[in-house]
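Chain and residue survey
For reference, the chains in residue letters:
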Amino acid sequence: MIQITPPGLPARAVYSQPYDTLHLHIPNMLLMECFEWSHGKWPRDGVALRDPLHARDALLQKLGTTLTSIDDLPNGRLFADFLSLAIITHLLGLYGEVSPSRTRRTIALSKWRLKRAVEFIEAHLDTPVALADLAGAAGLSSMHFAAQFRAATGIRPHEYLLRRRIARAQTMLATTDMPIVELALTVGFSSQAHFTVVFKRLSGLTPLRWRRVHFVRS
C-alpha cells in the first residue's frame, strides 16, 4: 500500500499484523526539479502530490524493493540515484496535480557539458560515482543531466560508466597478467562476480576467455 504525506504533516498508521514499511523522504528541491523536467515549467507555487488513499502500486513496490537491495552492489550510489529519479517521476505522473506535457522534447547535453562529464568519468573509473557527482561536473541538476546525457549519447550515464570500465578492463586483460579479481577492483567493481556478469553482458565472453583470445604477449 502507498501513502503520501505532505511536508510538515503527521502520519499515523495502525497495523493489524506484521508489515514491512519503507519510508521514502523526497527533498522539496529535487521534487521541483523533476516537476520542471517532466512538465516543462518551474512550479511557482511548489509541487502538490495527492494522497492515493492507501492505493496499491506494484511498480513503486518493485522500485522501492530494488532500492533497498543495492547497498553492496558496485556502482550502487549511481544506481540508487536513478531509482530515486524513477520513483519521483512515477509519483509525479500518477499523483501530481498537473499532467506532464506531451510535447516536451529533451535537449541533448551540450558538447562542453558532455566533455566535462566524460572527463570526470574517465578520471574516476576506479571509484564509486554518483549521479549527483556527474551532474555537478556538468553544472546541472541530477534530473536535467540524466535526461540530457541520454539524449546526447543514447544511453544512461550509469550504462556509459559501466561500458568505459569494461573497456579499460579489456585493455588491461590484453596487456597485463594481473589477476582478474585484482583487475576488477582496479576498474571500480567491488567483486569479481559482478565484474564477470557485466563483462560478459557487454563483451559476450567471460574475462578469462576474453583474455585467452586477446592477450598480447610481449
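Residues numbered from 1 in each chain as written. Predicted model: local features only at pLDDT ≥ 70, side-chain atom pairs only at ≥ 80, totals over all residues. Heavy atoms only, no water.

A separate point is the overall build of the chain. For the chain, the count of helices and strands is ten helices and zero strands. Listed N to C, the secondary structure of the chain is α-α-α-α-α-α-α-α-α-α in terms of helices and strands. Relative to its full complement of 218 residues, the chain shows a buried share of 37%. A fraction of 70% describes how many contacts in the chain between residues 6 or more apart in sequence connect residues 24 or more apart. (Helix = DSSP H or I, 4+ residues; strand = E, 2+ residues; numbered from the N terminus. Buried < 20%, exposed > 50% of the residue type's maximum accessible area, 1.4 Å probe, protein only. Contact = heavy atoms within 4.5 Å.)

Here we take up the nonpolar core. If you look at the biggest cluster of nonpolar residues, it comprises 38 residues, and the most contacted ones within it are Leu91, Leu92, Leu131 and Phe145. The greatest single-element share of this core, amounting to ten residues, is contributed by helix α3 (residues 76-95). By size, the runner-up hydrophobic cluster in this structure holds 16 residues, among which are Met172, Ile180, Phe189 and Phe195. (Core = buried A, V, L, I, M, F, W, Y, C linked by side-chain atoms within 4.5 Å.)

Attention shifts here to the pattern of salt bridges. Once the charged atoms of two side chains with opposite charge are near each other, the side chains can pair. One pass over the structure, following the stated rule, counts four salt bridges. Across the salt bridge formed by lysine 115 and glutamate 119, the nearest N and O atoms sit 2.4 Å from each other. A residue pair is termed a helical-turn pair when its members lie 3 or 4 positions apart in one helix, as lysine 115 and glutamate 119 do in helix α4 (residues 111-123) at four residues. For glutamate 119, a relative accessible area of 43% translates into the label partly exposed. With its nearest N and O atoms 2.5 Å apart, the salt bridge here joins arginine 164 to glutamate 122. Taken together, the positions of arginine 164 in helix α7 (residues 157-175) and glutamate 122 in helix α4 put the pair 42 residues apart, joining distant regions of the chain. A single salt-bridge network, built from bridges that share partners, covers Glu159, Arg163 and Arg201. (Salt bridge = Lys/Arg side-chain N within 4 Å of Asp/Glu carboxyl O.)

Roughly 1600 Å³ of volume is contained in the largest pocket. What lines the largest pocket is a set of 39 residues, among which Met1, Ile2, Gln3, Leu22 and His23 lie closest to the centre. Every element with two or more residues in the lining of the largest pocket is listed here: α1 (28-39), α2 (58-67) and α3. The biggest single contributor to the lining of the largest pocket is α2, with five residues. Of the residues assigned to the lining of the largest pocket, the class counts are 23 nonpolar, twelve polar and four charged. Volume-wise, the second largest pocket comes out at about 230 Å³. As for the second largest pocket, its lining consists of Trp37, Phe82, Leu85, Ala86, Thr89, Met143, Ala146, Ala147, Arg150 and Arg156. Those elements giving two or more residues to the lining of the second largest pocket turn out to be α3 and α6 (142-153). Partitioning the lining of the second largest pocket into residue classes produces seven nonpolar, one polar and two charged. (1 Å grid on protein atoms, 1.4 Å probe; cavity = no way out; pocket = protein on both sides within 12 Å on 5 of 7 lines; lining within 4 Å. Points joined across faces, edges and corners; volume = space filled by probe spheres on them. Nonpolar A, V, L, I, M, F, W, Y, C, P; charged D, E, K, R; others polar.)

What follows deals with α3. Over its 20 residues, α3 runs 28 Å from end to end, which matches the ideal 28 Å to within 8%, given 1.5 Å per residue. Where α3 is concerned, the buried positions are Gly76, Leu78, Ala80, Phe82, Leu83, Leu85, Ile87, Ile88, His90, Leu91, Leu92 and Tyr95. (Expected span 1.5 Å × (residues − 1).)

In the structure shown here, the tally under the stated rule is six aromatic pairs. Between phenylalanine 149 and tyrosine 160 the ring centres are 5.6 Å apart and the planes differ by 80°, which places this aromatic pair in the edge-to-face class. Highlighted residues: phenylalanine 149 in helix α6 and tyrosine 160 in helix α7, separated in sequence by eleven residues. For the pair shown, phenylalanine 149 and tyrosine 160 are each scored as buried. Chaining the aromatic ring pairs together yields one cluster made of Phe189, Phe195, Phe199 and Trp210. It is arginine 156 that lies over the ring of phenylalanine 82; its NZ or CZ is 5.7 Å from the centre. (Phe/Tyr/Trp six-rings, centres within 6.5 Å; stacked < 30°, edge-to-face > 60°. Lys NZ or Arg CZ within 6 Å of the ring centre and 35° of its normal.)

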